[in-house]
Amino acid sequence: MNKFFTKTLSRFEEFVLSYSVILMAILLIAGVFMRNVMNKSLTFSEEVASALLILVSFFGLGYCARKGRHITMSIVFDMVSNKYKKLFMIVISFVSALATAYITFLAARYIISVQSLGRVTPALQIPIYMIYSVVPLGFLFATIEYIRSFIFNITDKDNFYITSDIKVPLNLEVKTDLSNLIDKLEEEKEES
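Residues numbered from 1 in each chain as written. Predicted model: local features only at pLDDT ≥ 70, side-chain atom pairs only at ≥ 80, totals over all residues. Heavy atoms only, no water.

A. Representation of the overall build of the chain. A tally of regular secondary structure across the chain gives 7 helices and 2 strands. Across its three principal axes, the chain shows a C-alpha extent of roughly 65 × 40 × 35 Å. Relative to its 192 residues, the chain shows a buried fraction of 35%. Counted over contacts in the chain with a minimum sequence separation of 6, partners at least 24 positions apart contribute 65%. As presented, the chain carries roughly 12000 Å² of accessible surface, and 68% of it is formed by carbon and sulfur atoms. Looking at the chain, you have 19 positive and 17 negative side-chain charges, and the mean spots of the two groups are 5 Å apart. (Helix = DSSP H or I, 4+ residues; strand = E, 2+ residues; numbered from the N terminus. Buried < 20%, exposed > 50% of the residue type's maximum accessible area, 1.4 Å probe, protein only. Contact = heavy atoms within 4.5 Å. Areas by Shrake-Rupley, 256 points an atom, 1.4 Å probe, with all protein chains shown as cover. Lys, Arg positive; Asp, Glu negative; His and termini not counted. Charge placed at Lys NZ, Arg CZ, Asp CG, Glu CD.)

Structure, rendered in structure tokens:
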């Protein structure tokens, strides 16, 4: 169940994120071409590209949390033994879950206030709240990932979880920093 959920969610997120970036690039290139070569402007291209940038930035939060690709400050984490790494990950995932849950709540409140204003985009007349609604959704996905990581670290006695998707055996001697460890584990996972 856990592997199916993780794989399905990852594939969905990868699909949305990758095609959003591709579409954003196409729209911006077409907009520049039309403006500079054809002397006509695609009024909607920058508007859609801005919406896609918001989508990629915030929808990708859960994906980055699951893949361990967010910003880390791991100097202390890198220096301690695996036993303390597990303790660190329990605390980090718990605090991160609380923080992202609170930001989800704030973002949802903001979306409700934006909806009440009735603002729409100039060219396409899309309600602004619909574009911004991806913000609480992204933080909700990140919250779910941190909760899963917290639960896995609490329940699994033989491993510690850097993310809900990346586990390290407690008996494995880790001699690298967190970023390199994640890269190494991802390579091993792809090879197997």
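B. Main features of a nonpolar patch on the surface. On the surface, Y84, L87, V91, F94, V95 and L98 cluster together to form a nonpolar patch covering roughly 570 Å² of accessible area. Mapped onto the elements of the fold, F94 is located in helix 4 (residues 82–117). What makes F94 partly exposed here is its relative accessible area of 41%. (Patch = residues over 30% accessible without salt bridge, like charges linked within 9 Å, V, L, I, M, F, W, Y side chains within 5 Å. Salt bridge = Lys/Arg side-chain N within 4 Å of Asp/Glu carboxyl O.)

C. Representation of a negative patch on the surface within the structure. On the surface, a cluster of negative charge is contributed by E187, E188, E190 and E191. Mapped onto the elements of the fold, E191 is located in helix 7 (residues 178–191).

D. Just the side chain of S20, in detail. Within the secondary structure, S20 is located in helix 1 (residues 2–36). Ignoring sequence-local partners within four residues, the contact set of S20 consists of L52, L55 and V56.

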